[in-house]
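# Summary of the model geometry
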Amino acid sequence: MNQDALAPYYRDLSRLNLLPGWARPAPAMWPEPRPVFKPALWRYADARAALEQAGDFVPVEQAERRNLILANPIEGNAYATSRNIVSAYQMVKDGEKARSHRHTAAALRLVVEAKPGTYTVVDGARVDMLPGDVVLTPAWCWHGHANESGATSYWIDFLDVPFVQHTEAMFFEANPAGFEDVTRAAPKGYRIPAREALGPGTDATTVEIAKDVLPTIGLHLMRLPAGAKHEQRKTTVNNLYSVISGAARITVEGGMNETLAVGDVVTVPSWHKHEITTDADAILLRVSDEPLLRKVGLLRTG
């Protein structure tokens, strides 16, 4: 039967919100991953300068958080840094309190600049924040941030918001008190100083931290001495890296070859082979969606 004769049939299918599986305009499956997200790099120095400017006209009373989102440079994207994780640079000035809220998205912070007196309150527990700390905020925990240090504080947020949005399971609630009072001591494990977690020594090592605390987010600290090379084969995992101390060079399949300084963030989407090398000692944080993919049986390596 010719296509003109079939036109009424296909119009009826469309009216019924049905699509012919034998005549899809594009395939729904393919032999291996075709990542849409791109490798991308954000410089802490650029974000810090932009946040300082924002501090002149964005009061904490106006914004839920004074932050700059690391939006992956792909068409149509206005939020996500990688497929399942979003990252942002945040600033809290001395004397400020960022009001408390909670959400079904899990979150963590990597502290870049902070002096004693900077802290977050998680479900009533004060969790101090110092450079090199990884601070956890499990899903649906109240959390707000305060700075009584005498200097402006900066950190990097990582959240699984894109994944939660995709599942349409997002809930958000503002704390009726505005900023939650400190009512208890901090639970062990909510604050993870990178150097303590890595232990003594200067050898190359990678340690997993906060396992199962954030079920959708994997966290690994990497210590790379001068001359080290960390190679990563193609995998379905989406990775983000940030330098805690020192500097590192990352080379990503497809053309990226950049040196990362403290506070810089790079995202490496799934199915991109990459390697990290160092000329001097460095410590990095790797944030990924590996636990999520492992749980649903989609963790594959090429």
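Residues numbered from 1 in each chain as written. Predicted model: local features only at pLDDT ≥ 70, side-chain atom pairs only at ≥ 80, totals over all residues. Heavy atoms only, no water.

### What to know about the pattern of salt bridges
Opposite charge on two side chains allows them to pair when their charged atoms are near. Tallied over the entire structure, the rule returns 15 salt bridges. For Glu113, the salt bridge goes to Arg48, with nearest N and O atoms at 2.6 Å. Placement of Glu113 in strand 5 (residues 107-113) and of Arg48 in helix 2 (residues 44-54) is noted, with a sequence separation of 65 residues between them. Since its relative accessible area comes to 26%, Glu113 is described here as partly exposed. Judged by relative accessible area, Arg48 falls into the partly exposed class, the value being 24%. Among the salt bridges present, the one from Arg126 reaches Asp128, with a minimum N-O distance of 2.8 Å. Since its relative accessible area comes to 31%, Arg126 is described here as partly exposed. Asp128 sits in the partly exposed class, given a relative accessible area of 34%. (Salt bridge = Lys/Arg side-chain N within 4 Å of Asp/Glu carboxyl O. Helix = DSSP H or I, 4+ residues; strand = E, 2+ residues; numbered from the N terminus. Buried < 20%, exposed > 50% of the residue type's maximum accessible area, 1.4 Å probe, protein only.)

### Here we look at the environment of Gln232
Within the secondary structure, Gln232 is located in strand 15 (residues 229-232). Setting aside its immediate chain neighbours within four residues, Gln232 contacts Lys273 and His274. (Contact = heavy atoms within 4.5 Å.)

### Here we look at the environment of Asn147
Note on placement: Asn147 falls in strand 9 (residues 143-147). Setting aside residues no more than four positions away along its own chain, Asn147 makes contact with Val92, Lys93, Asp94, Gly95, Glu96, Gly117, Thr118, Thr152 and Ser153. Polar contacts involving the side chain of Asn147 include one to the main-chain carbonyl oxygen of Ala151, which spans 2.8 Å. (Polar contact = N/O pair within 3.5 Å; in protein donor to acceptor, adjacent residues only side chain to side chain.)

### Observations concerning the side chain of His101
You can see His101 is positioned in strand 4 (residues 97-103). When its relative accessible area of 5% is taken as the criterion, His101 is described as buried. Within the local environment of His101, its side chain forms a polar contact with the side chain of Glu64, the two groups lying 2.7 Å apart.

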